[in-house]
Amino acid sequence: MQEILEAILAGAPGDLGRLPVPESYRGVTLHSDEVAMFDGLAGRDKDPRRSLHLEEVPTPQPAAGEVLVAVMASGINYNTVWSSIFEPLPTFGFLSRYGKTSPQAARHDLPYHVLGSDLSGVVLRCGDGVAGWQPGEAVVAHCLSVELHHPDGHADTMLDPEQRIWGFETNFGGLAELALVKANQLMPKPEHLSWEEAAASGLVNSTAYRQLVSDNGARMKQGDTVLIWGATGGLGSYATQLALNGGATPVCVVSSPQKAELCRRMGATLVIDRAAEGYRFWKDEHTQDQREWKRFGARVRELTGGEDPDIVFEHPGRETFGASVYVARRGGTIVSCASTSGYEHTFDNRYLWMHLKRIIGTHFANYREAWAANRLVAKGQVHPTLSAVVPLERTADAVEAVHQGRHQGKVGVLCLAPREGLGVTDPELRADHEPAINRFRTGKPVSAAL
Ligand SMILES: C/C=C/C(=O)SCCNC(=O)CCNC(=O)[C@H](O)C(C)(C)COP(=O)(O)OP(=O)(O)OC[C@H]1O[C@@H](n2cnc3c(N)ncnc32)[C@H](O)[C@@H]1OP(=O)(O)O
Ligand SMILES: NC(=O)C1=CN([C@@H]2O[C@H](COP(=O)(O)OP(=O)(O)OC[C@H]3O[C@@H](n4cnc5c(N)ncnc54)[C@H](OP(=O)(O)O)[C@@H]3O)[C@@H](O)[C@H]2O)C=CC1
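Analysis parameters
- Residues numbered from 1 in each chain as written.
- Chains lettered and ligands numbered in written order.
- Predicted model: local features only at pLDDT ≥ 70, side-chain atom pairs only at ≥ 80, totals over all residues.
- Heavy atoms only, no water.
- Domains from an automatic or database assignment.
- Contact = heavy atoms within 4.5 Å.
- Buried area = accessible area lost by both parts, 1.4 Å probe.
- Salt bridge = Lys/Arg side-chain N within 4 Å of Asp/Glu carboxyl O.
- Polar contact = N/O pair within 3.5 Å; in protein donor to acceptor, adjacent residues only side chain to side chain.
- Nonpolar A, V, L, I, M, F, W, Y, C, P; charged D, E, K, R; others polar.
- Near = heavy atom within 4 Å.
- Areas by Shrake-Rupley, 256 points an atom, 1.4 Å probe, with all protein chains shown as cover.
- Helix = DSSP H or I, 4+ residues; strand = E, 2+ residues; numbered from the N terminus.
- 1 Å grid on protein atoms, 1.4 Å probe; cavity = no way out; pocket = protein on both sides within 12 Å on 5 of 7 lines; lining within 4 Å.
- Points joined across faces, edges and corners; volume = space filled by probe spheres on them.
- Buried < 20%, exposed > 50% of the residue type's maximum accessible area, 1.4 Å probe, protein only.

Caption draft 1: A look at the domain arrangement of the protein. We note that the domain assignment places domain 1 (2-204 + 366-449) and domain 2 (218-361) within the protein. In this structure, domain 1 and domain 2 have C-alpha centres spaced 29 Å apart. Each partner contributes to the interface: domain 1 provides 18 residues, whereas domain 2 provides 16 residues. Summed over both sides, the interface between domain 1 and domain 2 buries roughly 1500 Å², with carbon and sulfur atoms accounting for 60% of that surface. Per-residue buried area on domain 1 facing domain 2 is highest for V204, R439 and F440; these three make up 38% of the total on that side. Linking domain 1 with domain 2 are 0 salt bridges, by the criterion used here. Applying the counting criterion to the domain 1 and domain 2 interface returns 7 residue pairs in polar contact (both at pLDDT 80 or more). Among the residues making up the side of domain 1 that touches domain 2, the classes are represented as 9 nonpolar, 7 polar and 2 charged.

And the structure:
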């Protein structure tokens, strides 16, 4: 592994194809015999530091259409939080179901699961039939793993019946020194970014792009008002940038003055601090409070000069969904990709049908959408929202911090990269955007930042 790293750091990645591939590598794993460890605990009390392991695992060989990548950096996504607390389901069921589909897929069905759905790194080996990628190329990987044996996936690969999220529903993920991906997950690494910055955006930026911009999502257009929950979180920090970059007006909802300030630093002017304003959409576990929806909607109108949101960018789920449906404008769209606070939503359907609103379900992104989202990063139109970076050994601490909501934007992980700041090959483009690239950085040491 050291030789591989030295070749990358020496800027001689062309040598990588000749260097031997290590028989094993370090990865962040879950163990199938521990899925019951949190039984009886509330979700919030399930501590990822108990379930996540950093250990040596055997290196998989790239099969046809697959690529083995030397991972320089990765990032924490909320799906790793779900995996680590075995909610809503242990991920081993996904691996087992996938394993039954083909001998190639059977390699994924193991008693350990290497997690992680983002990476930046360098191509090490290509399996048979891989075209367009060579050992030594600097890449990022999006997390759509798709088989495409069925016609349903051929207009939009997210509709393939064998569509999976790499490093969540498949094995050999990116929180590791090596990772196995399909060649059609690869995209060029943005040259002006360091390894950890380049690894930060993929999953959330692609998801926000499909959710907000794509024809498969809300089809945001110039002048739209977009209500964005969690506007400094992983998804929200990219949704805010996409809205501003696309000529829309984001109304950013956050829960602290520091987060409100981050929204302003991104260029948003309309910000609601939901904690300061004390919205309580639920009177008790079973009853929502329509007066609170109205108070929230009135605040949105106050900020926008009377306009209701054309689009509500939803992901908190149960806690906010009733309010989201209520505040969307007539004919507006509520577009949802998650249910962090609970997946059983209730809303007053009269406000949906009488006011001709639409609810759209959306999930990650197809290759085309992920490519378009990555291109915006590569052109310096959307920037990573990295606030802190940890070494691979501290991944579990970082996952725990994201689980408890102590982070902002994205948390990066150094995998093979020995320190931050490496891998920039276009310093001129970087210089044009340095303040924007760094605007989520807390400036605190890692231990304090998390
Ligand atoms: C990129 C990042 C993304 C994120 O972060 S997203 C957030 C994290 N992800 C999640 O929280 C999602 C986790 N996944 C799940 O919770 C589950 O994954 C699903 C609820 C999505 C699906 O449940 P399941 O049990 O895995 O699969 P089934 O599709 O419900 O299939 C179970 C059995 O039910 C049958 N079935 C499905 N639909 C129907 C139907 N309409 N009528 C009759 N049967 C049906 C199937 O065939 C199968 O059957 P048989 O057990 O015999 O194989
Ligand atoms: N389907 C898909 O393809 C994808 C789904 N997801 C899912 O989306 C969800 C969010 O992911 P991500 O943005 O990365 O996570 P983060 O934790 O980084 O950000 C989420 C933000 O949402 C806000 N939030 C959380 N709970 C509530 C609540 N009850 N009411 C209002 N706001 C709330 C918080 O912001 P604040 O406190 O400042 O308001 C928080 O910072 C996760 O469940 C994740 O699994 C993520 C990516 C892709």
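And the narrative resumes.
Caption draft 2: Geometry of the site of ligand 2. Taken together, 24 residues lie around ligand 2, and S255, R274, T340, F364 and H407 are the ones closest in. Take K259: an N or O atom from its side chain is 3.2 Å from an oxygen atom of ligand 2. Within the contact set of ligand 2, an oxygen atom lies 2.8 Å away from a side-chain nitrogen or oxygen of T340. Against a free-state accessible area of 900 Å², the protein chains account for coverage of 87% of ligand 2. Looking at the shell around ligand 2, the elements with two or more residues in it are α3 (78-84), α7 (202-213), α8 (234-245) and α12 (318-327).

Caption draft 3: Inspection of the site of ligand 1 at higher detail. Every residue near ligand 1 is listed here: N79, W82, P88, L89, F94, R97, I165, F168, L203 and H363. At 3.3 Å from an oxygen atom of ligand 1 is found a side-chain nitrogen or oxygen belonging to R97. For ligand 1, whose unbound accessible area comes to 1100 Å², protein coverage reaches 36%. Going through the elements one at a time, α3 and α4 (92-99) are the ones with two or more residues in the shell around ligand 1. Classifying every residue of the shell around ligand 1 by side-chain character gives 7 nonpolar, 2 polar and 1 charged.

Caption draft 4: Layout of empty space enclosed by the protein. What the rule picks out here adds up to 2 cavities of 30 Å³ or more. Estimates place the volume of the largest cavity at around 60 Å³. In terms of lining, the largest cavity is formed by E66, Y98, H108, S145, W166, T170, L180, V181, K182 and Q185. A total of 3 residues in the lining of the largest cavity trace back to one element, the largest contributor, which is strand β9 (residues 178-182).

Caption draft 5: Here's a closer look at the pattern of salt bridges. The final tally for this structure, using the stated rule, is 26 salt bridges. Here R49 makes a salt bridge to E400, at a shortest N to O gap of 3.7 Å. One end of the pair, R49, is in helix α2 (residues 48-51); the other, E400, is in helix α15 (residues 395-403), and 351 residues separate them in sequence. Owing to a relative accessible area of 42%, R49 belongs among the partly exposed residues under this scheme. Here the salt bridges do not stand alone but share partners, grouping D47, R49, E400 and R406 into one network.

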